[in-house]
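Observations on chain architecture
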Number of protein chains: 2
Amino acid sequence: MTTPSHAITVGLIQKACTGDRAQNQASLDAAIRKTAAQGARLILLQELHDSLYFCQTEDTEGFDLAESIPGPSSERLGRLAAELKVVIVASLFERRAPGLYHNTAVVLDSDGSLAGRYRKMHIPDDPGYYEKFYFTPGDLGFRPVQTSIGKLGVLVCWDQWYPEAARLMALAGAEILLYPTAIGWNPADEAAEQQRQLDAWITIQRAHAVANGLPLISANRVGFEDDPSHQTQGARFWGHSMICGPQGEILAQAGTEETILTARIDRQRTEEVRRIWPFFRDRRIDAYGALLKRYDD
Amino acid sequence: MTTPSHAITVGLIQKACTGDRAQNQASLDAAIRKTAAQGARLILLQELHDSLYFCQTEDTEGFDLAESIPGPSSERLGRLAAELKVVIVASLFERRAPGLYHNTAVVLDSDGSLAGRYRKMHIPDDPGYYEKFYFTPGDLGFRPVQTSIGKLGVLVCWDQWYPEAARLMALAGAEILLYPTAIGWNPADEAAEQQRQLDAWITIQRAHAVANGLPLISANRVGFEDDPSHQTQGARFWGHSMICGPQGEILAQAGTEETILTARIDRQRTEEVRRIWPFFRDRRIDAYGALLKRYDD
């Protein structure tokens, strides 16, 4: 038994991917070992880390990449989690039934068990990001996963644009917000637009930390991936993975290279920050009804 | 009739206040004229601009500052709005009935009429900001105010920490988010904490613009105001008023001095931004029910 501590080191892995699944997994496993060696007790992986971002096109062969959960990937990562005594948050393409697939984050606890899963609730769809073709919207709701190091509010990529998702995780007791993600620039966009998009992405995630008084970890992919259909100019994944404290302060942030990032998070800070900024005390739940509407017209 | 245009110049006034109400009003009126002369068709004033921030202490004499709406201040500002042909968003201490007061924003249309009001919904209370003593929580909900230049989503200060408030205004059709505010540093806090607080405040407001694809204007006060009770070290209002575009990009921002800020807002950008980031399309309203709970335990 280690002494309980309010502070833990958390880590994330920001990587480029290739079309070779075995190679992606081998380099990921090596990076997980390195991150653990740097003291991380919680390690977040980026979205769909075992493959290229296959949603650039709609192709039924893409479903061959999916696997069941539990399954080979969750079991391999579970063994690694147990060996290294770390909690791993991974991102898998889940095959639930024939013709029924999800974009699912899995949480492997430090004893190797599957502590829980989260099925991506908000599914994007725009040119080069055809996720509505592949992923059935999640049906497990916004429920944090209990682990040996606390309740993890795991969300995935497009969820990161929704304050509702972060708030619901916080209301359900999440102690850390985590976002595996795969987002990049469209090379056809001008530089100013690319900068606005990156800034917006950083800003809104920091704001989820602020609004909820929670630390936050976001792991993004890097590298250029060509569009197999050549209908777009491909995607340049913008990296900038980050670890924030509960006032949205950036504790560590990557650039656009492959990076292992670690930072020390003091979970006691949430209590302190929520005492000086008691947003939860003053929510006007009597007047929030229209949040459940599509549009209030 | 002027030609309709997607772009308008908006402005805000960031000021220090004194204990002399007539002086505050005279300097404010002069600043409004200047802002209009710079081409602003919409002018946002800071929170409780006619007085010192009286909520530093709980004192029943503070209620003497309140007035009815319509009343002398809304009428004076209405005349000014009509003369200058601008929309003015002001912040008043509303006396609604004996013993019933609100922190209320009023919208004066460019014909001088009172287009509508918003009563602050989220009321803070912490040492030096004893607002729960003075202000009954708003009972008008989160409804934008229709004006000659569009639907204004007016919120006030503490509301700015709540993604729910901004979202509700957007769902109800707001075209611009506006925040009169009065927030400052506690001089007793260390510099790093002060910086985190300011950054968090800027970040979360920019994020409301991002989440909703709306431009945003936030007007804060500046200057040091002593605590009459000497129980705290007073408040140093941190300024940094800003105008953002619908991707949260800062178009103009003040520092800690008295400032008139203007920027050009292109309302057509909201349509464009919401097409590339269609967050409203994908909200999981079927799974947001717990947003109406105090805590999901």
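Residues numbered from 1 in each chain as written. Chains lettered and ligands numbered in written order. Predicted model: local features only at pLDDT ≥ 70, side-chain atom pairs only at ≥ 80, totals over all residues. Heavy atoms only, no water.

Helix and strand counts for chain A stand at 6 helices and 15 strands. Scaling as 2.2 N^0.38, a compact globule of 297 residues should have a C-alpha radius of gyration of about 19 Å, and chain A matches this with 18 Å. Overall, the C-alpha framework of chain A stretches about 55 × 55 × 40 Å when taken along its three principal axes. Long-range contacts, defined here as pairs at least 24 residues apart, represent 69% of the contacts in chain A between residues at least 6 apart. Total accessible area on chain A stands at roughly 10800 Å², and carbon and sulfur atoms take up 50% of it. For chain A, the centre of its 31 positive side-chain charges and the centre of its 38 negative side-chain charges are spaced 8 Å apart. (Helix = DSSP H or I, 4+ residues; strand = E, 2+ residues; numbered from the N terminus. Rg over C-alpha atoms; globule rule 2.2 N^0.38 Å. Contact = heavy atoms within 4.5 Å. Areas by Shrake-Rupley, 256 points an atom, 1.4 Å probe, with all protein chains shown as cover. Lys, Arg positive; Asp, Glu negative; His and termini not counted. Charge placed at Lys NZ, Arg CZ, Asp CG, Glu CD.)

So, about the packing of helix 4 (residues 163-171) of chain A against helix 5 (residues 191-212) of chain A. Residues and elements named next belong to chain A. Remark: helix 4 packs on helix 5, axes separated minimally by 10 Å, with the N-to-C direction vectors making an angle of 35 degrees. Here the hand of the crossing between helix 4 and helix 5 comes out right-handed. Seen from helix 4, the contacting residues are Pro163, Ala166, Arg167 and Ala170; seen from helix 5, they are His208, Ala211 and Asn212. Looking at the contact of helix 4 with helix 5 residue by residue, the class counts come to 4 nonpolar, 2 polar and 1 charged. (Axes fitted to C-alpha atoms, helices over the stretch in contact; angles between N-to-C directions. Left-handed = near helix turned anticlockwise from the far one by under 90°. Nonpolar A, V, L, I, M, F, W, Y, C, P; charged D, E, K, R; others polar.)

All names here are of chain B. Taken in spatial order, the 6 strands line up as 5-4-3-2-1-15 in an open sheet, and their pairing is mixed. The open sheet terminates on both sides in strands that have one partner only, identified here as strand 5 (114-119) and strand 15 (259-266). In this sheet, neighbouring strand axes are inclined to one another by 30 degrees on average, regardless of whether the strands run parallel or antiparallel. In this fold helix 1 (residues 21-37) packs onto strand 1 (7-14), strand 2 (42-45), strand 3 (87-97) and strand 15, with an angle of close to 155 degrees to the strand it touches most, strand 1. (Pairing = 2+ DSSP bridges.)

Once that is clear, we can look at the confidence of the model for chain A. Predicted confidence across chain A gives a mean pLDDT of 96, with 98% of residues reaching 70 or more. Interface confidence for the predicted complex, expressed as ipTM, amounts to 0.97; the pTM equals 0.97. (pLDDT = per-residue confidence, 0-100.)

Below, the discussion takes up the packing of aromatic side chains. One pass over the full model with this rule turns up 48 aromatic pairs over all chains. Grouped by ring-pair contacts, the aromatic residues A:Phe54, A:Phe63, A:Phe93, A:Tyr101, A:Phe133, A:Tyr134 and A:Phe135 constitute a single cluster. Looking at A:Arg274, its charged tip hangs above the ring of A:Phe280, at a distance of 4.4 Å from the centre. Directly above the aromatic system of B:Phe280 lies the positively charged group of B:Arg167, at a separation of 5.3 Å from the ring centroid. (Phe/Tyr/Trp six-rings, centres within 6.5 Å; stacked < 30°, edge-to-face > 60°. Lys NZ or Arg CZ within 6 Å of the ring centre and 35° of its normal.)

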